[in-house]
Amino acid sequence: MSEKWLVAVDLGGTTTKIAFVNDYGEIIKKWEIVTDKSESGKKIVLNIAKSIDEKLDEMHVSKQQLAGIGMGAPGPVDVEKGIIYEAVNLGWENNYPLKNILEVETGLSAVIDNDANCAALGEMWKGAGNGAKDLVCVTLGTGVGGGVIANGDIVHGTHGAAGEIGHITVVPEHGFQCNCGKQGCLETVASATGVVNLAVKELEQSNMASVLRGQDAFSAKMVFDAAREGDELAAMTVDRLAFYLGLALANLGNALNPDKIVIGGGVSKAGDVLLIPVQKYFQKFAFNSVKHSTLLDLAVLENDAGVIGAAWLVKHKLA
Ligand SMILES: [Zn+2]
């Protein structure tokens, strides 16, 4: 198996990333295709299978070279049965038998997991986790995803919903509405939209001058840039965000005491302007021995975490 390639897929709502990865977690080839959600998502797996065959042809490599296929998909997953409980934004019916369909269409053995879990496995294997066996990953993007790794494997929970860090309640009363139906979830304040939510609220509640005031629309990045340049209202917004994120991560730290908590996703590109205040609140809320032994760090793999984690699944779950 060591000579064979692991096929890894990171399925997203708009694009699907596919990669051939070697046994050491190094990417040999990677590419992207559009996720075609038409006809209740029937074409999604078909297109992936077709694209893999085309890539093999292009590289003059036989299918024998492939060890199996791993996929990270959005939504809660039953890993044993290979079923996605719900993936409304892909058009699939509930309890979609993704693993079976993947195996039929590609002719390869398949293993699936949740996309945020795959990103966490990727960071564990080749990223900021640096081989750590106890690791929490939180991805701050359009939403907030999470993955919890304990003793070197993903924690799934009883219904595949473990690690839903984005839906930890951080504002117990009068919080923003979340897509999940609850209010005050971490996602409503720490995703890209969440940062904007917080800034809009700060603007409404004060008369403070700010470069953000009077803008029709602004992005999370603009809030971080303004904070970095000394805009006080933007700085207060980032401090609020850091308070909520630091609180959630400290509580996770208190429950799990992992080696590392890794922060990734588009919002984490803000870097130190975000990480430093999050550290401050993490230190404030973490249990004494947790704050001295659990490290907060930024993710290093960026967009490749998902495919590298999916490749890890092939190597460790299909062997
Ligand atoms: Zn929620």
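Residues numbered from 1 in each chain as written. Predicted model: local features only at pLDDT ≥ 70, side-chain atom pairs only at ≥ 80, totals over all residues. Heavy atoms only, no water.

Engineer: Lay out helix α6 (residues 192-205) with the relevant residues and their values.
Structural biologist: Since the α-helix advances by 3.6 residues per turn, residues separated by three or four positions end up pointing in the same direction. The end-to-end C-alpha distance of α6 is 21 Å, a good match for the 20 Å that 14 residues give at a rise of 1.5 Å each. Among the residues of α6, Gly194, Val195, Val196, Leu198, Ala199, Glu202 and Leu203 are the ones counted as buried. In this fold, the buried residues of α6 make contact with α5 (187-190), α7 (220-228) and α8 (232-256). (Helix = DSSP H or I, 4+ residues; strand = E, 2+ residues; numbered from the N terminus. Expected span 1.5 Å × (residues − 1). Buried < 20%, exposed > 50% of the residue type's maximum accessible area, 1.4 Å probe, protein only. Contact = heavy atoms within 4.5 Å.)

Engineer: Can you lay out the packing of α6 against α8 for me, pointing to particular residues and giving the numbers?
Structural biologist: Packing of α6 against α8 brings their axes to within 9 Å, and their N-to-C directions diverge by 130 degrees. Classed by the angle they form, the pair α6 and α8 counts as oblique. As α6 packs across α8, the resulting crossing turns out to be right-handed. Residues Val195, Leu198, Ala199, Glu202 and Leu203 of α6 form the contact with α8, whose own contacting residues are Leu233, Met236, Thr237, Arg240, Leu241 and Tyr244. Counted by class, the contact of α6 with α8 contains 8 nonpolar, 1 polar and 2 charged residues. (Axes fitted to C-alpha atoms, helices over the stretch in contact; angles between N-to-C directions. Parallel < 35°, antiparallel > 145°, perpendicular 65-115°, else oblique. Left-handed = near helix turned anticlockwise from the far one by under 90°. Nonpolar A, V, L, I, M, F, W, Y, C, P; charged D, E, K, R; others polar.)

Engineer: An account of the packing of α7 against α8 is requested, with residue identities and associated values reported.
Structural biologist: Packing of α7 against α8 leaves a shortest axis separation of 7 Å and a crossing angle of 115 degrees. One finds that α7 runs roughly perpendicular with respect to α8. For the crossing formed where α7 meets α8, the hand is left-handed. Along the contact surface, α7 presents Val223, Phe224, Ala226 and Ala227, while α8 presents Ala234, Ala235, Thr237, Val238 and Leu241. Across the contact of α7 with α8, the residue classes break down as 8 nonpolar, 1 polar and no charged.

Engineer: Break down the sheet that holds strand β12 (residues 295-298) for me, citing the residues and quoting the values.
Structural biologist: Sheet architecture is open: 5 strands sit in the order β10-β9-β8-β11-β12, paired in mixed fashion. Strand pairing shows two members of the sheet lacking a second neighbour, β10 (153-154) and β12, which therefore form its edges. Each of β8 (135-140), β9 (144-150), β10 and β11 (260-264) touches helix α4 (residues 115-126); the most contacted strand, β9, lies at about 55 degrees to it. Where α8 meets the sheet, it contacts β8, β9, β11 and β12, and its direction lies at approximately 160 degrees from that of β8. (Pairing = 2+ DSSP bridges.)

Engineer: Mind laying out the packing of aromatic side chains, listing which residues take part and the relevant values?
Structural biologist: Scanning the entire structure with this criterion turns up 7 aromatic pairs. Here Phe20 and Trp31 contribute two aromatic rings whose centre-to-centre distance is 5.1 Å and whose plane-to-plane angle is 70 degrees, an arrangement assigned as edge-to-face. Linking Phe20 in strand β2 (residues 15-21) with Trp31 in strand β3 (residues 27-34), this pair joins segments that are 11 residues apart in sequence. Ring-pair connections join several aromatic residues into one group, and the members of that group are Phe243, Tyr244, Tyr281 and Phe285. Sitting above the plane of the Phe243 ring, Arg240 keeps its charged end 4.7 Å from the centroid. (Phe/Tyr/Trp six-rings, centres within 6.5 Å; stacked < 30°, edge-to-face > 60°. Lys NZ or Arg CZ within 6 Å of the ring centre and 35° of its normal.)

Engineer: Hey, could you go over the side chain of Ser206 for me, with residue numbers and the actual values?
Structural biologist: Looking at where Ser206 falls in the secondary structure, it is placed in the loop between α6 and α7. From its side chain, Ser206 meets the backbone nitrogen of Met208 in a polar contact 3.3 Å long. In this structure Ser206 touches Arg213 and Leu233, once residues within four positions along its chain are discounted. (Polar contact = N/O pair within 3.5 Å; in protein donor to acceptor, adjacent residues only side chain to side chain.)

Engineer: How would you summarise the coordination of the zinc ion if you had to cite specific residues and measurements?
Structural biologist: Around the zinc ion, the protein supplies His167 (ND1), Cys178 (SG), Cys180 (SG) and Cys185 (SG) as donor atoms, at distances of 2.0 to 2.4 Å. Residue Cys178 is classed as buried on the basis of its relative accessible area, which comes to 5%. (Donors = N, O, S within 2.8 Å, 3.2 Å for Na, K, Ca; no water.)

Engineer: Outline the sheet that holds strand β1 (residues 5-11), supporting the account with residue identities and numerical values.
Structural biologist: The mixed open sheet is built from 5 strands, whose spatial order is β3-β2-β1-β4-β7. For this open sheet the edge positions go to β3 and β7 (110-114), each flanked by a neighbour on one side alone. Neighbour-to-neighbour, the strand axes of this sheet turn through a mean angle of 20 degrees, independent of strand direction. Across 5 bridges, strand β4 (residues 66-73) lies against β7 in parallel orientation. Each residue of the ladder has a partner; that of Gly72, found in β7, is Asp113. Against the sheet, helix α3 (residues 98-106) makes contact with β4 and β7, and its axis sits at roughly 140 degrees relative to β7, the strand it touches most.

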